Amino acid sequence: MLDQQLHRARMVSSVAATVISLACGTNYVYSAWAPQFADKLNLTTTESNLIGAAGNLGMYSMGVPIGLFVDNRGPRPAVAAGALLLGLGYYPFRASYENAAGSVPLLCFFSYLTGLGGCMAFQAAVKTSALNWPHHRGTATAFPLAAFGLSAFFFSQVGSLFFPGDTSAFLTVLAAGTFALIFTGFCFLKVYPHTPAYHAVPNGGSGSDTQRLRRTSSSEDGKARGARRFPDVEPGMSTPTTYTTPATSTQAQTDAEATGPSSPSASAQLRDQTDVESARPPSDEAPDSDVDETSSLMSKSSSLPGDVLVQSSVDMDRSHRVDIRGWRLLSNVDFWQLFTIMGILAGIGLMTINNIGHNVNALWRRFDDSVPESFLVQRQQMHVSILSIGSFGGRLLSGVGSDFLVKVVGASRAWCLVAASLVFCIAQLFALNVSNPHYLGFVSGLSGLGYGFLFGVFPSIVAETFGIHGLSQNWGFMTLSPVISGNIFNLFYGAVFDSHIIVSPDGDRSCYDGIDCYRNAYFVTLGACGLGLIVTLSTIRHQYVARLREAGKGAAED
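As recorded in an unreviewed UniProt entry, the protein chain goes by Nodulin-like domain-containing protein and comes from Podospora pseudoanserina.

### Remarks on the overall build of the protein chain
Helices and strands together make up the secondary structure of the protein chain, namely 22 helices and 4 strands. Here the protein chain holds 558 residues, and 53% of them are scored as buried. Taking the contacts inside the protein chain whose residues are at least 6 apart along the sequence as the reference set, 85% of them involve residues at least 24 apart. Summing over all exposed atoms, the protein chain offers an accessible surface of approximately 24200 Å²; the carbon and sulfur share of this is 62%.

### Some remarks on the state of the cysteines
This structure, assessed with the given rule, holds 1 disulfide. Here cysteine 511 engages in a disulfide with cysteine 517; their sulfurs sit 1.8 Å apart. Taking the torsion about the sulfur-sulfur bond, which here is approximately -95°, the covalent link between cysteine 511 and cysteine 517 counts as left-handed. Of the two residues examined, cysteine 511 and cysteine 517, each falls in the buried class.

### Topic: empty space enclosed by the protein
Applying the stated criterion across every chain yields a total of 5 cavities of 30 Å³ or more. Empty space within the largest cavity amounts to approximately 160 Å³. As for the largest cavity, its lining consists of 18 residues, and the residues nearest its centre are Asp39, Thr45, His358, Ile501 and Arg509. Among the secondary structure elements, those contributing two or more residues to the lining of the largest cavity are helix H2 (34–41), helix H16 (333–367), helix H21 (481–498) and strand S4 (509–510). Of all the elements, H16 adds the most residues to the lining of the largest cavity, at 4 residues.

### Considering the environment of aspartate 513
Position of aspartate 513 among the secondary structure elements: in the loop between S4 and helix H22 (519–557). We classify aspartate 513 as partly exposed; its relative accessible area is 29%. Along the sequence, aspartate 513 and phenylalanine 497 sit 16 residues apart, while their C-alpha atoms lie 9.9 Å from each other. Beyond its immediate sequence surroundings of up to four residues, aspartate 513 is in contact with Arg366 and His500.

### What to know about the packing of aromatic side chains
Following the criterion strictly, the structure yields 24 aromatic pairs and no others. Between tyrosine 451 and phenylalanine 455, the aromatic rings sit 4.8 Å apart at their centres with planes inclined by 45°, giving tilted as the arrangement. Of this pair, tyrosine 451 and phenylalanine 455 both sit in helix H19 (residues 441–466), separated by 4 residues, roughly a single helical turn. Classification of phenylalanine 455 as buried rests on a relative accessible area of 11%. Look at tyrosine 493 and phenylalanine 497: their rings are 5.9 Å apart centre to centre, the planes differ by 20°, and that puts the pair in the stacked class. Of this pair, tyrosine 493 and phenylalanine 497 both sit in helix H21, 4 residues apart, which is roughly one turn of that helix. No difference in accessibility class separates tyrosine 493 from phenylalanine 497, as the two residues are buried. The ring of tyrosine 97 has lysine 40 lying over it, and the distance from NZ or CZ to the ring centre is 4.2 Å. Looking at arginine 76, its charged tip hangs above the ring of phenylalanine 186, at a distance of 4.2 Å from the centre.

### Observations regarding the environment of glycine 52
One can find glycine 52 in helix H3 (residues 45–60). In this structure glycine 52 comes out as buried when scored by relative accessible area, which is 8%. Placed 22 residues apart in sequence, glycine 52 and tyrosine 30 show a C-alpha to C-alpha distance of 6.9 Å. With residues near it in sequence (within four places) discarded, glycine 52 still touches Tyr30 and Asn354.

### Side note on the nonpolar core
Formed by 119 residues in total, the largest nonpolar core has its most connected members in Trp33, Phe37, Ile182, Tyr451, Phe458, Met478 and Tyr518. Once residues lying within four places of it in the same chain are set aside, the contact partners of tryptophan 33 are Tyr90, Phe93, Thr167, Phe170, Leu171 and Leu174.

### Regarding the packing of H2 against H16
Look at H2 against H16: their axes get within 8 Å of each other, and the N-to-C directions meet at 75°. When the axis of H2 is compared with that of H16, the two are roughly perpendicular. For the pair H2 and H16, the contacting residues are Pro35, Gln36 and Asp39 in the first and Gly357, His358, Asn361 and Arg365 in the second.

Thresholds, definitions, all that
Residues numbered from 1 in each chain as written. Predicted model: local features only at pLDDT ≥ 70, side-chain atom pairs only at ≥ 80, totals over all residues. Heavy atoms only, no water. Helix = DSSP H or I, 4+ residues; strand = E, 2+ residues; numbered from the N terminus. Buried < 20%, exposed > 50% of the residue type's maximum accessible area, 1.4 Å probe, protein only. Contact = heavy atoms within 4.5 Å. Areas by Shrake-Rupley, 256 points an atom, 1.4 Å probe, with all protein chains shown as cover. Disulfide = S-S within 2.5 Å. 1 Å grid on protein atoms, 1.4 Å probe; cavity = no way out; pocket = protein on both sides within 12 Å on 5 of 7 lines; lining within 4 Å. Points joined across faces, edges and corners; volume = space filled by probe spheres on them. Phe/Tyr/Trp six-rings, centres within 6.5 Å; stacked < 30°, edge-to-face > 60°. Lys NZ or Arg CZ within 6 Å of the ring centre and 35° of its normal. Core = buried A, V, L, I, M, F, W, Y, C linked by side-chain atoms within 4.5 Å. Axes fitted to C-alpha atoms, helices over the stretch in contact; angles between N-to-C directions. Parallel < 35°, antiparallel > 145°, perpendicular 65-115°, else oblique.

Shown next, in the form of structure tokens:
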């Protein structure tokens, strides 16, 4: 009966996490209202892109500190803070639009708050789902990830259905809707801890897949019980207990000699213990006694949500055997290769995501200058929806496709990045040639598909390359890359578009050159696609050679 109640409570919490995530991806709906906002305030395209880039900065630049905050304080404070930041961030945009006035630096600050709020609430929602379903983590986190991808589609559809052509009302929906959705989810979001089952370790296990457990000392046991007496510690927060990666066979043998041989009776006693810690850390990590204030930020405990599991054997997939994080990550060649790929491809996608509204306006004003403003708003929202659906489909395809590549074909998941590069290349070719606005959907759809392909498979690649135990930290470092490239591509697009702007006597700014308003920007991104494809292929080659060398070294040791 208790298990059924816990299962039901976890389901409710997962639904709450999905609802919260639906409100966190609103940065991608920026292009649905940015052109009208810029026209009302007489902003240049570059200034408009600065505001959009500030939102991306808030979303991507704070991944590492927010991850540490969620790990230390639990998910709920981050969700509450995210709701407040999104509401406070969007409301000033509505006020500025109504008053037709606003400071660009101040608007950039509020845009940054919207990105930061979305990042905080989203990370907390994903962590809660992972903690609640540790044995079904992939499925559990798929729902909030998918909801995040569909966020732009959801809000653009709400705007087009209930407030067609009304930018002021749409900004009100963003301010009130994001706060209401996240606050509603906050009321039901909770981590329900699992009691892990500990199993006997077979005698004589000499392979590297053996994991031995030792009884904690009386002092350690007392510390652990003391930690549980603190009333402020809730599930999902870091505790004094440290879980580390499993030891190798040699280290396991050393532990066995120190603690005595394993036996069925000893294993039974271990199962009765409530405080158990895993085997000693790998030899390439310093012991806990040597940890200083700096290295504690690069915690050796698992930073991956829900990764606190002790099992009779270890999944010997590479992601469980390696653990590269912190300063070691920055000296790793694979990191910089993947960082470059992420920067190039994500920057290309963000340029179209943030500027598809300007593309719509430029093509329609050349194609049919008589269309009303409300029609342009609806077309912008339609293309934002297409982008969002494309991103959602790309995430699903890359997830299923990467598993197929690894398990059936025996190939690297990085081939999905090759697919993303090719999709982006095709999207840039369409952007360079589509002058009829009726066919602009090819640009938005393919850009969303490539962006989804990229972000759908990249976390798995990071986990396989650097280890699953430091995924939160490593992914936070990786998402710094779009901050740099996204700003560069967006500002370049703004400069190109502004060079074709005609300012009327009453101050209105418009471009009537159609595709020529932005074509040069897509020549640059097409070249970047080619560069990204080359770097991706070289990365696949480098990893293939490294795996062969690693396999050869393992065979020689055997």
